[in-house]
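Residue strings, one per chain:
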Amino acid sequence: MDTSSSPIAGHPATGKNPPPDNAGTAEWMRQLRRTVREVEMREQAPELVARAPHVLHADPQLLRRRHADSPALLQLLEIVENRGPAVDVVLCQPHGAG
């Protein structure tokens with residue numbers, strides 16, 4: 001399997017399985033919505049930031065290329081990238097990417 005072309009997602013702390021390599025827009029929308037909710041919860045309850053980082057394993061550039069026709073997905077991705085780091089919600093390249 002070519003992991004360099006996989007935008008894999010997952011949250012190790014929650015035990016969620018990452019979507020498959022060929023996950024569509026709907027699955028990525030679900031992943032990104034969950035992550036945006038995590039950002040919002042942490043912004044409102046700073047004590048959540050101290051518990052552990054929240055990691056979304058994803059390649060943002062690859063998601064942008066694969067889902068360029070989904071403005072809603074791109075907007076969610078931008079929220080995670082812009083607001084997430086301040087509350088320890090981060091995007092992390094999938095293992096073997098790059």
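Residues numbered from 1 in each chain as written. Predicted model: local features only at pLDDT ≥ 70, side-chain atom pairs only at ≥ 80, totals over all residues. Heavy atoms only, no water.

Asker: Which residues make up the overall build of the protein chain, and what values do they have?
Answerer: Across its full length, the protein chain carries three helices and two strands. When the elements of the protein chain are put in sequence order from the N terminus, they spell out α-β-α-α-β. At a minimum sequence separation of 6, the contacts of the protein chain that also span at least 24 residues come to 68%. Accessible surface computed for the protein chain: about 5500 Å², of which carbon and sulfur atoms make up 53%. (Helix = DSSP H or I, 4+ residues; strand = E, 2+ residues; numbered from the N terminus. Contact = heavy atoms within 4.5 Å. Areas by Shrake-Rupley, 256 points an atom, 1.4 Å probe, with all protein chains shown as cover.)

Asker: A description of the environment of M41 should follow, citing residues and the corresponding values.
Answerer: Here M41 lies in helix α1 (residues 25-44). Taking the relative accessible area as the measure of exposure, M41 reaches 43% and is therefore partly exposed. Spatially, the C-alpha atoms of M41 and V87 are 9.4 Å apart, while their sequence positions differ by 46 residues. (Buried < 20%, exposed > 50% of the residue type's maximum accessible area, 1.4 Å probe, protein only.)

Asker: I'd like to hear about the packing of α1 against helix α3 (residues 71-83), residue by residue, with values.
Answerer: For any two helices packed against each other, the geometry is given by the interaxial angle and the distance between the axes. Two elements in contact, α1 and α3, have axes whose closest approach is 9 Å; the angle formed by their N-to-C orientations is 35 degrees. α1 and α3 meet at a crossing whose hand is left-handed. For the pair α1 and α3, the contacting residues are T25, W28, M29, L32, R33, T35, V36, V39, E40 and E43 in the first and A72, L73, L76, L77, I79, V80 and R83 in the second. Residues belonging to the contact of α1 with α3 are distributed by class as follows: 11 nonpolar, two polar and four charged. (Axes fitted to C-alpha atoms, helices over the stretch in contact; angles between N-to-C directions. Left-handed = near helix turned anticlockwise from the far one by under 90°. Nonpolar A, V, L, I, M, F, W, Y, C, P; charged D, E, K, R; others polar.)

Asker: How would you explain the pattern of salt bridges if you had to name every residue and give the values?
Answerer: Evaluated as defined, the whole model comprises five salt bridges. A salt bridge links E27 to R30, with the shortest nitrogen-to-oxygen separation between them at 2.7 Å. Of the two residues, E27 and R30 are both situated in helix α1; the distance of three residues between them amounts to about one turn of the helix. With a shortest N-O distance of 2.2 Å, E81 and R64 are connected by a salt bridge. Residue E81 is located in helix α3, and its partner R64 is located in helix α2 (residues 60-66); the two are separated by 17 residues in the primary sequence. For E81, a relative accessible area of 25% gives the class partly exposed. Among the charged side chains, a network of salt bridges with common partners joins E38, R42 and R51. (Salt bridge = Lys/Arg side-chain N within 4 Å of Asp/Glu carboxyl O.)

Read these as spatial facts, not as claims about activity.
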